[in-house]
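The chain contents come next:
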Amino acid sequence: SISSSRLNINDNFDNLNTQLGDIAGFFDVTPQTLTLTGFVSAAAITASGIVTAQQGLSVTGASTLSGDLITGGKVRYSIASVASDLPTATNFDKSIYQVTITDHTSIVLHSGDEGQEIVVKAIGTSAKNLTLTPDTANIHGVAAGGIILVTGDDTKDTVVLRYFASKWHIMSISSGATVS
């Protein structure tokens with residue numbers, strides 16, 4: 001009975017050694033590299049140094065980069081579907097908003113999230129004004145009037161806004177647009 005148990009234990013150790021050898025094949029201990037050909041799924045990952053993702057990197061949720069972000073390729077921004085209004089406060093989940101108008105229109109520019117940047121583009125086929133009015137004085141340098149974007153066949157004014165210090169700040173504005 002003891003000698004038959006010894007055979008089972010020896011077989012178990014042989015199997016374990018084989019499996020450890022398989023796992024060790026994933027690691028190159030000299031540069032401390034882990035190579036996987038499948039997917040990695042984790043609740044949180046901390047990476048330091050250079051991280052390479054050859055087939056793309058998909059991240060869901062807020063992420064913090066404490067170093068420089070350097071790209072050798074394109075930077076692409078998310079575009080919201082054409083709509084007749086802007087999102088409610090702190091619900092700007094896209095980078096570019098296209099607002100279509102058919103008449104002179106005024107809409108409220110609600111507050112964003114600190115550090116957020118958006119582009120608002122007015123779309124229309126005739127010369128009309130889209131006025132972005134402040135929500136509780138949240139556009140820097142704009143008292144009560146607003147930012148007026150003009151539409152037309154050849155005119156589709158845009159404004160680039162960045163939200164910080166609890167206000168939208170105009171970073172860039174089309175030459176035909178005005179601030180009042």
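What this report covers is the structure whose coordinates are included nearby.

Rules used in this analysis
Residues numbered from 1 in each chain as written. Predicted model: local features only at pLDDT ≥ 70, side-chain atom pairs only at ≥ 80, totals over all residues. Heavy atoms only, no water. Helix = DSSP H or I, 4+ residues; strand = E, 2+ residues; numbered from the N terminus. Contact = heavy atoms within 4.5 Å. Buried < 20%, exposed > 50% of the residue type's maximum accessible area, 1.4 Å probe, protein only. Phe/Tyr/Trp six-rings, centres within 6.5 Å; stacked < 30°, edge-to-face > 60°. Pairing = 2+ DSSP bridges. Axes fitted to C-alpha atoms, helices over the stretch in contact; angles between N-to-C directions. Patch = residues over 30% accessible without salt bridge, like charges linked within 9 Å, V, L, I, M, F, W, Y side chains within 5 Å. Areas by Shrake-Rupley, 256 points an atom, 1.4 Å probe, with all protein chains shown as cover. Salt bridge = Lys/Arg side-chain N within 4 Å of Asp/Glu carboxyl O.

**A closer look at the side chain of T133**
Relative to the helices and strands, T133 is located in strand β6 (residues 128-134). The residues contacting T133, other than those within four sequence positions of it, are S106, I107, V108, L109, I139, G145 and G146.

**Some remarks on the side chain of T151**
Within the secondary structure layout, T151 lies in strand β7 (residues 147-151). Relative accessible area serves as the criterion here: at 1%, T151 is assigned to the buried category. With residues up to four places along the chain from it excluded, the contact list for T151 reads I101, A122, I123, G124, S126, A127 and K128.

**Quick word on the packing of aromatic side chains**
Given two aromatic rings, their pairing is described by the distance between the two centres and the angle made by the two planes. Summed over all chains, the structure comprises three aromatic pairs. Measuring from ring centre to ring centre gives 5.5 Å for F92 and W168, while their planes differ by 80°; the resulting arrangement is edge-to-face. Of the two residues, F92 sits in the loop between β2 (33-34) and β3 (96-100) while W168 sits in strand β9 (residues 167-173), which places them 76 residues apart along the sequence. Across the pair, exposure class does not vary: F92 and W168 are buried alike. Chaining the aromatic ring pairs together yields one cluster made of F92, Y97, Y163 and W168.

**Re the pairing of β9**
The pairing of strand β8 (residues 158-164) with β9 spans six bridges and is antiparallel. Bridge pairing in β9 places V159 opposite I173. Between the end of β8 and the start of β9, which pair antiparallel, lie two residues, with A165 showing a positive phi angle near 55°.

**Topic: the environment of V82**
Relative to the elements of secondary structure, V82 occurs in the loop between β2 and β3. Linking V82 and I96, residues 14 residues apart in sequence, is a C-alpha distance of 9.8 Å. Once residues lying within four places of it in the same chain are set aside, the contact partners of V82 are Q98, T100 and I123.

**Re the sheet that holds strand β5 (residues 117-123)**
If you walk across this open sheet you meet the four strands as β3-β5-β8-β9, and the pairing is mixed. Pairing within the sheet leaves two strands with one partner each, and these edge strands are β3 and β9. Adjacent strand axes in the sheet meet at a mean angle of 30°, parallel and antiparallel pairs treated alike.

**Focus on a nonpolar patch on the surface**
A grouping of F13, L16, L20 and I23 is seen on the molecular surface, where their side chains present a nonpolar patch of about 390 Å² in accessible area. Position of L16 relative to the elements: it lies in helix α1 (residues 2-24).

**Let's talk about the pattern of salt bridges**
Taken as a whole, this structure holds one salt bridge when the rule is applied. Across the pair E117 and R162 runs a salt bridge whose closest N-O atoms are separated by 2.3 Å. Linking E117 in strand β5 with R162 in strand β8, this pair joins segments that are 45 residues apart in sequence. Its relative accessible area of 33% is what places E117 among the partly exposed residues.

**Topic: the sheet that holds β7**
A sheet is described by the order of its strands in space; here four strands give the open sequence β4-β6-β7-β10, paired in mixed fashion. Of all the strands in the sheet, the pair left with one neighbour each is β4 (105-109) and β10 (178-179). One ladder, built from two bridges, connects β7 with β10; its direction is antiparallel. Along β10, the bridge assignment pairs I148 with T178.

**Observations concerning the environment of T136**
The residue T136 is located in the loop between β6 and β7 in this model. Owing to a relative accessible area of 70%, T136 belongs among the exposed residues under this scheme. Measuring from C-alpha to C-alpha, the distance between T136 and V108 comes to 9.7 Å, with 28 residues separating the pair along the chain.

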